[in-house]
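What follows is each chain in one-letter form.
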Amino acid sequence: MWLTDITEHHTGQGKLYVCAVKDVFAGKIVGYSIDARMTARLAVNALNNAVALRGNVAGCVVHSD
């Protein structure tokens, strides 16, 4: 099971958005994406990053609020 969420960080040059994917059972971040805009691509890139790292993810459940 993976959990994902997007957080907004204020910097000296504007906002920065981070989308992280956490593997609940391993207890660690398995994918992430960072961008200056909160778009669907931000979340898709984080999920693609996690899938590339983990390989076979058949049956994996992803939960986001």
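So, here's what we can say about the structure.

Definitions and cut-offs
- Residues numbered from 1 in each chain as written.
- Predicted model: local features only at pLDDT ≥ 70, side-chain atom pairs only at ≥ 80, totals over all residues.
- Heavy atoms only, no water.
- Helix = DSSP H or I, 4+ residues; strand = E, 2+ residues; numbered from the N terminus.
- Buried < 20%, exposed > 50% of the residue type's maximum accessible area, 1.4 Å probe, protein only.
- Contact = heavy atoms within 4.5 Å.
- Areas by Shrake-Rupley, 256 points an atom, 1.4 Å probe, with all protein chains shown as cover.
- Lys, Arg positive; Asp, Glu negative; His and termini not counted.
- Charge placed at Lys NZ, Arg CZ, Asp CG, Glu CD.
- Pairing = 2+ DSSP bridges.
- Axes fitted to C-alpha atoms, helices over the stretch in contact; angles between N-to-C directions.
- Core = buried A, V, L, I, M, F, W, Y, C linked by side-chain atoms within 4.5 Å.
- Polar contact = N/O pair within 3.5 Å; in protein donor to acceptor, adjacent residues only side chain to side chain.
- Disulfide = S-S within 2.5 Å.

Helix and strand counts for the protein come out as one helix and four strands. C-alpha extents for the protein along the principal axes are approximately 40 × 20 × 20 Å. Relative to its full complement of 65 residues, the protein shows a buried share of 20%. Long-range pairs, those at least 24 residues apart, make up 30% of the contacts in the protein between residues at least 6 apart in sequence. For the protein, the accessible area works out to roughly 4500 Å², and carbon and sulfur atoms hold 55% of it. When the 6 positive and 5 negative side-chain charges of the protein are each reduced to one mean point, those points stand 6 Å apart.

Strand order across the open sheet formed by four strands is 3-2-1-4, with mixed pairing between neighbours. The sheet terminates laterally at strand 3 (28-35) and strand 4 (62-64), the two strands that pair on one side only. Each adjacent strand pair in this sheet contributes to an overall mean axis angle of 30°, direction not counted. Against the sheet, helix 1 (residues 40-54) touches strand 1 (2-11), strand 2 (14-23), strand 3 and strand 4, its axis set at about 145° to strand 3.

Quick look at the nonpolar core now. Ranked by size, the top nonpolar core spans eight residues in total: Trp2, Tyr17, Cys19, Val21, Val30, Leu42, Ala46 and Ala50. Looking at this core, the elements that each hand over two or more residues are strand 2 and helix 1. Each residue touching cysteine 19, except ones within four places of it in the same chain, is listed here: Thr4, Asp5, Ile6, Gly31, Tyr32, Ser33, Leu42, Ala43 and Ala46.

Before going further, it helps to spend a moment on the side chain of aspartate 23. With respect to the secondary-structure elements, aspartate 23 resides in strand 2. The class of aspartate 23 is buried, set by a relative accessible area of 11%. One polar contact links the side chain of aspartate 23 to the main-chain amide nitrogen of alanine 26, over a distance of 2.9 Å. Apart from residues no more than four positions distant in its own chain, aspartate 23 is found in contact with Met1, Trp2, Lys28, Val30 and Arg54.

On to the state of the cysteines. By the definition in use, this model includes zero disulfides. Summary of cysteine pairing: cysteine 19 is not part of a disulfide, and the nearest cysteine sulfur, belonging to cysteine 60, is at 14 Å. By relative accessible area, cysteine 60 is classed as partly exposed at 30%.

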